Amino acid sequence: MEKYNDGGCCHQVTFIDQDGHRKTSTVPVVQELARQGLTQLPERFIRAPSKKNPIDDDSHSSGVSPKALPVINVAKLRAKWSDPEGRAEELAKLASGVRDWGLCLITEHGISSCVLHGVKDVVKSFFGLSFEEKKQTVGSYGKIDNMGYGRNFVKSEDQPLDWIDRLTMKAAPVGGDEGLNVWPQKPENFRQVTERYVLEARKVLDELLQALAEALSLERNVFVKYFDPTNSEINVRVNYYPPCPRPDLAQGITPHSDASALTLLMQFDATGGLQVLRDQKWLTLPWPTDALLVNVGDFLEIMSNGRLKSPWHRVVTQMEVERFSVALFYNPPSWTEIVPEPVEDSAGQDGGGGFRKVVVGDYLKHFYEISPTEDKQAIMYARV
Ligand SMILES: O=C(O)CCC(=O)C(=O)O
Ligand SMILES: [Fe+2]
């Protein structure tokens, strides 16, 4: 086995083990490993493929024609008076597409390319810093789950690690980070640029929540009513996937659904990492770099009483390619009680039903306690 040297560059992680004990461990910084130009994968990253989760499934990229993935023109959804017919068509596409996939690509959303490029620039500038500079400029916290630079989804000492470095910030509510230094101080404009994006993205997410309700023939505000401008939560997570020596053995992000209502994703520098499980096959999404992607999270599955389903997805690594994504997780305030929209008795399994009311904070606690799981288990908590 090729020796690697982590050069003392480690992330500290804190986790609760299976016996309920609080443990602290260290994990190597993937970016630093990749910089060494390894030809083999360090053992801690080797994932034994299981039947449920084959890593290198040749069938994964076949069978998805870009046309099959719904692409929603948000400007058309806004054209209530100027083009009601075009809008109705777009709503129908949204309903069938998101019912089918749990996600869609969005175009003409109105978030300026200047704002999007700004995010890309500050993210790349942060990851361009040395490890020491990164550590100096932002904290990494066990206190607030998943915040700061470098925390991974680590649950035990012997679990295979994802080939990823992360930076997570609480962008809303204001003060939700409890005053900790979760925003990088370098580059200086990191926070300002990201908050501008969050502000614009939030408008689009609210509009999509309304459009989705309408598309499902529900009252327009049934989803958006759970959000309020002051207390709703937005976490921003930057995912950095450095080039990987053995994409056949490592994973970028282990399979999961998102503990959000909606997730808005942008990616840059490369495409081709995100996969979704459909009919027991992992499919690489035909997601062009300049489009944004929206996916249903577990809370929207519960709100919609299963009419919409959060997709089970993962990220694969690539050999000579580095890829970034920025995920924005949009959630109601943690004390909110979500009451699933009733379905008619005759609706049956596919039409939805079978969910009970849950409090957002309780579900999040459960989700993070049991994740990662082999399949979509966390949401069973919200089942009747
Ligand atoms: O990198 C991606 O495309 C997806 C990231 C993701 O699934 C997540 O951050 O929850
Ligand atoms: Fe995700």
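Residues numbered from 1 in each chain as written. Chains lettered and ligands numbered in written order. Predicted model: local features only at pLDDT ≥ 70, side-chain atom pairs only at ≥ 80, totals over all residues. Heavy atoms only, no water.

## Focus on the overall build of the protein chain
For the protein chain, the helix and strand inventory stands at nine helices and 17 strands. For 384 residues, the compact-globule estimate of 2.2 N^0.38 gives 21 Å, and the C-alpha radius of gyration of the protein chain, at 20 Å, lies within 12% of that figure. Here the C-alpha coordinates of the protein chain stretch approximately 60 × 45 × 40 Å along the principal axes. Taking all 384 residues of the protein chain together, the buried fraction comes to 55%. Here the analysis covers contacts within the protein chain between residues at least 6 apart in sequence; of these, 76% occur between residues at least 24 apart. On the protein chain, roughly 16,900 Å² of surface is accessible, and the fraction owed to carbon and sulfur atoms is 50%. (Helix = DSSP H or I, 4+ residues; strand = E, 2+ residues; numbered from the N terminus. Rg over C-alpha atoms; globule rule 2.2 N^0.38 Å. Buried < 20%, exposed > 50% of the residue type's maximum accessible area, 1.4 Å probe, protein only. Contact = heavy atoms within 4.5 Å. Areas by Shrake-Rupley, 256 points an atom, 1.4 Å probe, with all protein chains shown as cover.)

## Quick word on the confidence of the model for the protein chain
The predicted coordinates should not be examined in detail at positions where pLDDT is low. When the pLDDT values of the protein chain are averaged, the result is 89; 91% of them are 70 or greater. Quick note on the complex model: pTM equals 0.94, ipTM equals 0.99. (pLDDT = per-residue confidence, 0-100.)

## Comments concerning the environment of Gln40
With respect to the helices, strands and loops of the structure, Gln40 is situated in the loop between helix H1 (30–35) and strand E3 (71–73). The sequence separation of Gln40 and Arg246 amounts to 206 residues, and the corresponding C-alpha distance is 6.7 Å.

## Brief notes about the sheet that holds strand E11 (residues 274–278)
Strand pairing in a sheet relies on backbone hydrogen bonds. The paired strands run either parallel or antiparallel. Strand order in the open sheet made by the four strands is E9-E14-E11-E12, with antiparallel pairing throughout. Of all the strands in the sheet, the pair left with one neighbour each is strand E9 (251–256) and strand E12 (281–284). Taken over all neighbouring pairs, the strand axes of this sheet differ in orientation by 30° on average, direction set aside. (Pairing = 2+ DSSP bridges. Axes fitted to C-alpha atoms, helices over the stretch in contact; angles between N-to-C directions.)

## Considering the site of ligand 1
Neighbouring ligand 1 are 15 residues, the closest being Arg237, Asn239, Tyr241, Arg323 and Ser325. Note that an oxygen atom of ligand 1 is positioned 3.0 Å from one of the side-chain N or O atoms of Arg237. Contact distances for ligand 1 include 3.1 Å between an oxygen atom and a side-chain N or O atom of His313. Elements supplying a minimum of two residues to the shell around ligand 1: strand E8 (233–241), E9, strand E14 (313–316) and strand E15 (323–331). Among the elements that take part in the shell around ligand 1, E15 stands out by supplying four residues, more than any other. (Near = heavy atom within 4 Å. Polar contact = N/O pair within 3.5 Å; in protein donor to acceptor, adjacent residues only side chain to side chain.)

## Overview of the packing of helix H3 (residues 84–101) against helix H6 (residues 190–215)
Axis separation between H3 and H6 bottoms out at 9 Å; the angle between their running directions is 85°. Our classification of the angle between H3 and H6 gives roughly perpendicular. Where H3 approaches H6, its residues Arg87, Leu91, Leu94, Ala95 and Val98 are matched on the opposing element by Ala211, Leu212, Glu214 and Ala215. (Parallel < 35°, antiparallel > 145°, perpendicular 65-115°, else oblique.)

## Some points on the coordination of the iron ion (ligand 2)
For the iron ion (ligand 2), every protein donor is listed as His256 (NE2), Asp258 (OD) and His313 (NE2), and the spread of their distances is 2.1 to 2.2 Å. Each donor residue of the iron ion (ligand 2) belongs to the same chain, with the gaps between them written as H-x1-D-x54-H. Of the residues examined, Asp258 reaches a relative accessible area of 4% and is grouped as buried. (Donors = N, O, S within 2.8 Å, 3.2 Å for Na, K, Ca; no water.)

## A word on the side chain of Asn73
Mapping Asn73 onto the fold places it in strand E3. A distance of 2.9 Å separates the side chain of Asn73 from the backbone nitrogen of Ala75, its partner in a polar contact. With residues up to four places along the chain from it excluded, the contact list for Asn73 reads Glu90, Thr107 and Glu108.

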